[in-house]
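# Chains, contacts and geometry: an overview
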Amino acid sequence: MDANSYAETRMAFVGSFRACYRPFVPPQVSEISDKAALNVLKRTRRVPVRIPGNSGDPEVGISYAEFGQTHPGAPTIALIHGFDSSLVEYRRLAPLLDDFRVLLIDLHGWGFTEKPQGLDYGPESKRLYAISTIQKLVGEGEPVYIGGASLGGGAALDLAHSFPDLFKGIILIDAQAYLEGSPGSSLIWPLDVLGIQVLKAKFLRRFASVQSYYDSEKFATEDAMLVGRLPCLTDGWFEANLDFLKSDGYRNKSKVKEISQQALIIWGREDKILPVESVEKFKEDLGERLESCHILEECGHMPHLEKPDETAELIRRFVQTMEGKKQPSSVVDEHLSSQIEA
């Protein structure tokens, strides 16, 4: 095959590959080989959302992916990703929760959402666009289960606290609640701009990936780095991140005590980012609202990626208990986790 034929063949292949994804997915998706990640990206859509009662803000395309059941009676679980991440974070967990309707939702300004310039991308806007997205996808006033990992757990807490009637229970996976504010709120130019640029750097993404796992040799791969970095290549990523870092960030310490929903906590024993000792504070603050709490052995900050089967089973038991389909168990199978008594 001569050079021209090779180039034409390659262009045809890339064009065919790109046709599998929506135009808002960056072309660098072609560098990724993780089948679970590609499966989520192929399912990813945008829904146009406007904040109710706020005619000043435009309709914004919020990205989401859907898994599991489609019939009206199935319980719905909405899952929120962590800081500067995307819905692809749940690529190994979502397909396992096939008893339920599962919505993976990108937070306003992150993931593959539309990011118009000049909008507010702080916590309040993230909250309002998230609840509007959930209600538009599920139906006005329909309660769901809300869950999140890391900062996504903080976002889930914020939503559950702000809209108590719309959430039946909350799932917290290595959730950030007791670290408040935004690390960039006090930075001045050009340090704030440099800080954002560093977030996009491959070396930092590799380091963050290693820190996130117990078994980093198995999970902190080059492919994992490419998956995590892909949202950084979307239009408007820089401006949206800068706006969030300059905001006051999430403040959830007091909200943990005030939420009304029953909670499930899942934590990796070897979490190097949010140590497992945080669980004791959750136990104290949640009290009787802590339905169950589980520590996964040989697991880091990302149980939904490192221990997806165990995480899915614990979520399944929690939702079944809340739905009244299964009596709560006082002991969790030893191969799944060690349980902390609430």
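This write-up is about the structure you can find in this document. These numbers were taken from a predicted model, which means no experiment stands behind them. (Residues numbered from 1 in each chain as written. Predicted model: local features only at pLDDT ≥ 70, side-chain atom pairs only at ≥ 80, totals over all residues. Heavy atoms only, no water.)

This part is about the overall build of the protein chain. Helices and strands together make up the secondary structure of the protein chain, namely 13 helices and nine strands. Put simply, the protein chain has 342 residues, and 54% of those count as buried. Within the protein chain, contacts between residues at least 6 apart in sequence are counted, and of these 74% link residues at least 24 apart. (Helix = DSSP H or I, 4+ residues; strand = E, 2+ residues; numbered from the N terminus. Buried < 20%, exposed > 50% of the residue type's maximum accessible area, 1.4 Å probe, protein only. Contact = heavy atoms within 4.5 Å.)

Right, let's get into the pattern of salt bridges. With the rule as written, the count across this model stands at 16 salt bridges. A salt bridge links Glu284 to Lys281, with the shortest nitrogen-to-oxygen separation between them at 4.0 Å. Of this pair, Glu284 and Lys281 are both found in helix H11 (residues 278–286), three residues apart, which corresponds to roughly one turn of the helix. Taken together, the salt bridges that share partners define one network made up of Asp99, Glu313, Arg316 and Arg317. (Salt bridge = Lys/Arg side-chain N within 4 Å of Asp/Glu carboxyl O.)

What follows is about the environment of Gln320. Tracing the backbone shows Gln320 in helix H13 (residues 308–322). Between the C-alpha atom of Gln320 and that of Asp99, which follows or precedes it by 221 residues, the distance is 9.7 Å.

Looking now at the pairing of strand E3 (residues 76–80). Counting buried residues in E3 gives five out of five residues, a clear majority hidden from the surface. The side-chain alternation of E3 yields two buried faces, one formed by Thr76, Ala78 and Ile80 and the other by Ile77 and Leu79. Of the pairings in the sheet, the one linking E3 to strand E4 (residues 101–105) comprises five bridges and is parallel in character. Note on E4: the bridge partner recorded for Thr76 is Arg101. Direction of pairing for E3 relative to strand E5 (residues 144–149): parallel, over a ladder of four bridges. When the bridges of E5 are listed, Ile77 appears paired with Tyr145. (Pairing = 2+ DSSP bridges.)

Quick look at the packing of aromatic side chains now. Following the criterion strictly, the structure yields eight aromatic pairs and no others. Centroid distance Trp110 to Phe244: 4.9 Å. Interplanar angle 65 degrees. Geometry classified as edge-to-face. Placement of Trp110 in the loop between E4 and helix H3 (123–138) and of Phe244 in helix H9 (residues 237–245) is noted, with a sequence separation of 134 residues between them. By relative accessible area, which is 3% here, Phe244 ends up buried. Here Tyr213 and Phe219 contribute two aromatic rings whose centre-to-centre distance is 5.4 Å and whose plane-to-plane angle is 25 degrees, an arrangement assigned as stacked. (Phe/Tyr/Trp six-rings, centres within 6.5 Å; stacked < 30°, edge-to-face > 60°.)

Ile146, Ile170, Ile265 and Phe282 are the most contacted members of the largest nonpolar core, which totals 56 residues. Not counting residues up to four positions away in its chain, the partners in contact with Phe282 are Leu157, Leu172, Ala175, Ala177, Tyr178, Val256, Ile265, Trp267 and Gly287. (Core = buried A, V, L, I, M, F, W, Y, C linked by side-chain atoms within 4.5 Å.)

Right, let's talk about unusual backbone geometry for a bit. Although it is not a glycine, Asp84 sits at a positive phi angle of roughly 50 degrees. As for its placement among the helices and strands, Asp84 is situated in the loop between E3 and E4. Even without being glycine, Asp174 reaches a positive phi, approximately 45 degrees. For Asp174, the location among the structural elements is in the loop between strand E6 (167–173) and helix H5 (191–199). Its relative accessible area of 0% is what places Asp174 among the buried residues.

On to the packing of helix H6 (residues 202–212) against helix H8 (residues 222–229). The geometry of H6 relative to H8 is characterised by a closest axis approach of 9 Å and an angle of 115 degrees between their N-to-C directions. Relative to H8, the element H6 lies roughly perpendicular. Read as a crossing pair, H6 and H8 show a hand that is right-handed. Every residue of H8 that contacts H6 at Lys202, Arg205, Arg206 and Ser209 is listed here: Glu222, Ala224, Met225, Gly228 and Arg229. A breakdown of the residues in the contact of H6 with H8 according to their chemical character gives two nonpolar, two polar and five charged. (Axes fitted to C-alpha atoms, helices over the stretch in contact; angles between N-to-C directions. Parallel < 35°, antiparallel > 145°, perpendicular 65-115°, else oblique. Left-handed = near helix turned anticlockwise from the far one by under 90°. Nonpolar A, V, L, I, M, F, W, Y, C, P; charged D, E, K, R; others polar.)

So, on to the pairing of E5. In terms of burial, E5 is a largely internal element, six of the six residues being buried. Of the two faces of E5, both are covered, the one formed by Val144, Ile146 and Gly148 as well as the one formed by Tyr145, Gly147 and Ala149. Two strands pair when backbone bridges link them, and E5 and E6 are joined in this way by six bridges, in the parallel orientation. Counted as the bridge partner of Gly147 is Ile171 from E6.

So, about the side chain of Asp34. The residue Asp34 is located in the loop between helix H1 (3–18) and helix H2 (35–43) in this model. What makes Asp34 buried here is its relative accessible area of 14%. Setting aside its immediate chain neighbours within four residues, Asp34 contacts Arg91, Arg92, Asp223 and Val227.

What follows concerns H13. Taking 1.5 Å per residue as the helical rise, H13 with its 15 residues ought to reach 21 Å, and the 21 Å between its terminal C-alpha atoms agrees with that figure. Counting buried positions along H13 yields 11 of 15 residues, so the element is predominantly enclosed. Taken together, the buried residues of H13 touch E3, E5, E6, strand E7 (262–268), strand E8 (290–296) and helix H12 (303–306). Immediately downstream of H13, the backbone of Gly324 shows phi near 80 degrees, a positive value. (Expected span 1.5 Å × (residues − 1).)

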